[in-house]
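As a plain string of letters, each chain reads:
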Amino acid sequence: MNTSDSLDAKGRYGGWALVAGASAGLGAAFAREAARLGFDVVLLARRADALEETAASIRADHGVATRCIVADLARDDIADVVASQTSDLDIGVLIYNAAAELYGPFLTLDHQSHRTNLAVNCFTPTVLAELFGARMRDRGRGAIAIVSSLAALQGARYLITYGASKAYELILAEGLWDEFGDHGVDALAYVVGATSSSTWHGAAADAFTDAEGLSALQARILQPATTDEVAARLFTVLPHGPRQYANLADEAAALEAASKPRAEVVLTMSGVTTGLARFAHLPKPTLRRS
Ligand SMILES: NC(=O)c1ccc[n+]([C@@H]2O[C@H](COP(=O)([O-])OP(=O)(O)OC[C@H]3O[C@@H](n4cnc5c(N)ncnc54)[C@H](OP(=O)(O)O)[C@@H]3O)[C@@H](O)[C@H]2O)c1
């Protein structure tokens, strides 16, 4: 894989790129990168102002067409909403980037928060993959990328349902890669680690003030990738599913973890989450398990 892969993305997939969760952070960077590569871009999120601001800067910088869909991805009828607002467009690439970020001790979370987490991170990527997978099968080409996380690779306290839902996305995309390959359609699970978005800033502010003895994962939190780097790499690796990591440091952290006993892996990730400022007041993991 090399940079010509990304430069060829428009030729390989054609049409428009749709980014779900495009008003900020990584999603806005994916939308900008798609436009830089020559795609017209559909941007979807809940905040109309932020979405239109991102779309306007993309049009000004790259001269491509844009369309904004203001919608909540937790809606039960989201597939119908997206289908009707894109029925006249030839969508060549779907990037499912949005996530419900449900954090906190498991027993403190309410049912509605769990429902939103499952809707945004599990149900909606499934039904949008069905919608656009069928369209891409019929046009004979296309690509679907689902953004997962290093949090998908092990359970960890205070991120339990978020991590579980990102694991769902990871496995969903890997399976799609196999089936959709029969139709000339690429699918990719894109595993992202610490990346300097607004959410990351909120989560990691003041994290790990004591730099002694940090794990590889904790070190990654202190040196996040930029959204532009992670967005550019996605288009480079898009034809190379079923799974790719946002950068070599994330892949190395994942490989290192895979070789260790599970209890150690889980407790290490819990050490990451409890090092974050927002969880500083909560109990830390202990080594009580055998
Ligand atoms: N940043 C990291 O360190 C990191 C690490 C691992 C994985 N990831 C993954 O990377 C992806 C992007 O993360 P990020 O840090 O860039 O997040 P972010 O800055 O919070 O942006 C999230 C985007 O999703 C949209 N969104 C969220 N909930 C939505 C909903 N219910 N309906 C419609 N749109 C919704 C938001 O727009 P509105 O608020 O306008 O709706 C925003 O555009 C996520 O899948 C996350 O799991 C990030």
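Above this text you will find the structure in question.
Let us look at the structure shown here. This one's a predicted model, so the numbers in the text were calculated from it and none came from an experiment.

Thresholds, definitions, all that
Residues numbered from 1 in each chain as written. Predicted model: local features only at pLDDT ≥ 70, side-chain atom pairs only at ≥ 80, totals over all residues. Helix = DSSP H or I, 4+ residues; strand = E, 2+ residues; numbered from the N terminus. Buried ≥ 20, exposed ≤ 12 C-beta atoms within 10 Å, placed from the backbone. Contact = placed C-beta atoms within 7 Å. Pairing = 2+ DSSP bridges. Axes fitted to C-alpha atoms, helices over the stretch in contact; angles between N-to-C directions. Expected span 1.5 Å × (residues − 1). Bend = angle between axes of the 7 residues up to and from the residue.

**Points about the overall build of the chain**
Secondary structure assignment for the chain yields twelve helices and seven strands. Counting all 290 residues of the chain, 44% fall into the buried class. For the chain, restricting intrachain contacts to residue pairs at least 6 apart in sequence, the fraction spanning at least 24 positions comes to 73%.

**With respect to the sheet that holds strand S2 (residues 40-45)**
The strand order S3-S2-S1-S4-S5-S6-S7 describes an open sheet built from seven strands, whose pairing is parallel. Here the strands that pair on one side only, and so sit at the sheet edges, are strand S3 (66-70) and strand S7 (243-245). The average undirected angle you get between the axes of adjacent strands in this sheet is 20 degrees. Both strand S1 (residues 16-20) and S2 contribute to a ladder of five bridges, which runs parallel. Following the sheet pairing, Trp16 is matched in S2 by Asp40.

**Re helix H6 (residues 111-139)**
The end-to-end C-alpha separation of H6 is 40 Å, in line with the 42 Å expected for 29 residues at 1.5 Å each. The largest bend along H6 measures about 40 degrees and falls at Ala119. Residues of H6 that are buried: Asn117, Val120, Asn121, Thr124, Pro125, Leu128, Ala129, Phe132, Arg135 and Met136. The secondary structure elements touched by the buried residues of H6 are S1, helix H5 (78-85), strand S4 (91-96), strand S5 (142-149), helix H7 (160-181) and strand S6 (185-192). Gly140 lies just past H6 and shows a positive phi near 85 degrees.

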